[in-house]
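# Geometric and topological summary
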Amino acid sequence: MFKKLKALFLAGSLILTFNGCSKDDDGIECELIPFNAFTVSQDRELGMQVEAQIAAAPIEYPIMPEQGNEAAYAYLRNIRDKILNSGNVKNKDNFEWKLYLIKDDNTLNAFCTPGGYIYVYTGLIKFLDTEDDLAGVIGHEIAHADKRHSSKSMTTQYGVDAVLKIVLGNGDPNLLTQIASQLGTLKYSRCHETEADAASVDYLSGTSYRCNGAATFFEKLKSMGGANTPTFLSTHPSPDNRVEDINKRAADKGCRTTGSTSDPGYQTFKNSL
Ligand SMILES: [Zn+2]
């Protein structure tokens, strides 16, 4: 049965390609086969599996408990909620959008699993200067989940056949677990990076934040110089002209690109970590 389905899907994708309709809403085309064999609920299931794996590895991922860090979590959730309520996050109501702080001041990174489990390292928060900058990076991470980049990449990596078997419930029962275990170290493609950068601007344009916070982050990274590549750049490869592209999209949208939100609040937040 799945062969028939696959044929249908492939035929569908070709038609889409020839019609030029395969581009996402944001006008950026990343996939040769614009098709994700995972369902939205399987993205959620994958995310739950990764969440469990991370929770079981406290040495590698020292998660700050909610208890005793209520104010820090509330601060972060406020940023998340402004982005989710921007009206521009397609899977706002489909995914979990659960937040975790990882206590590691030396790691400059954030990541988001399929299904919307967002992990932010204290090293990233302390590196940034304003809430707007952090909103830019969180917007970028939310975009990877919202645009379903990981499951699209997995569809390409494992092939439509293997993934469709899982979708239809007759696949290798270990494969989903195996896939979940790789997601933490999955490297995004440059095209997915471009798409996440653009989405960050689109999301923030519907909030009170400056909408090019992601660009400020990359500018600051660049100014650090080359010796140590921050973890963020090893899992999020840097496309060319990233800062220019973000600023151009912001200019095209006519959204705010200067000033910052609640700097005293951000300092207090940083000091509490
Ligand atoms: Zn990225």
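Attention in this report is confined to the structure presented alongside it. Because the structure is predicted, anything quoted here is derived from the model rather than measured.

### Examining unusual backbone geometry
Although it is not a glycine, W97 sits at a positive phi angle of roughly 55 degrees. Residue R148 is not a glycine yet carries a positive backbone phi of 60 degrees.

### Quick look at the packing of aromatic side chains
Enumeration according to the criterion identifies 10 aromatic pairs in this entry. Considering the side-chain rings of Y100 and Y119, the 5.0 Å spacing of their centres and the 20 degrees angle between planes classify their relative orientation as stacked. A residue pair is termed long-range when its members are at least 10 positions apart, and Y100 in strand 1 (residues 98-102) and Y119 in strand 3 (residues 117-121) qualify at 19 residues. Pairwise contacts between aromatic rings join Y61, Y100, F111, Y119 and Y121 into one cluster. In this arrangement the basic side chain of R242 is found over the ring face of F218, its NZ or CZ atom lying 3.7 Å from the centre.

### Quick word on the nonpolar core
W97, L124, L134, I142, F217 and F269 are the most contacted members of the largest nonpolar core, which has 49 residues in total. Every residue in contact with L134, bar those within four places of it in the chain, is listed here: L76, I79, V120, L124, I125, L128, Y266 and F269.

### Description of the pattern of salt bridges
Taken as a whole and judged by the stated rule, the model has 15 salt bridges. Two residues, R148 and D43, come together in a salt bridge whose shortest N-O distance is 3.0 Å. Placement of R148 in the loop between helix 5 (131-146) and helix 6 (149-167) and of D43 in helix 2 (residues 40-55) is noted, with a sequence separation of 105 residues between them. As a salt-bridge pair, K253 and D202 come within 3.6 Å of each other at their nearest N and O atoms. With K253 in helix 11 (residues 242-253) and D202 in helix 8 (residues 190-204), the pair connects residues that are 51 residues apart, well separated along the chain. K253 sits in the partly exposed class, given a relative accessible area of 44%. For D202, a relative accessible area of 13% translates into the label buried. Linked through salt bridges whose partners overlap, the residues forming this network are K103, D105 and K126.

Conventions we followed
- Residues numbered from 1 in each chain as written.
- Predicted model: local features only at pLDDT ≥ 70, side-chain atom pairs only at ≥ 80, totals over all residues.
- Heavy atoms only, no water.
- Phe/Tyr/Trp six-rings, centres within 6.5 Å; stacked < 30°, edge-to-face > 60°.
- Helix = DSSP H or I, 4+ residues; strand = E, 2+ residues; numbered from the N terminus.
- Lys NZ or Arg CZ within 6 Å of the ring centre and 35° of its normal.
- Core = buried A, V, L, I, M, F, W, Y, C linked by side-chain atoms within 4.5 Å.
- Buried < 20%, exposed > 50% of the residue type's maximum accessible area, 1.4 Å probe, protein only.
- Contact = heavy atoms within 4.5 Å.
- Salt bridge = Lys/Arg side-chain N within 4 Å of Asp/Glu carboxyl O.

Purely geometric numbers; function is a separate question.
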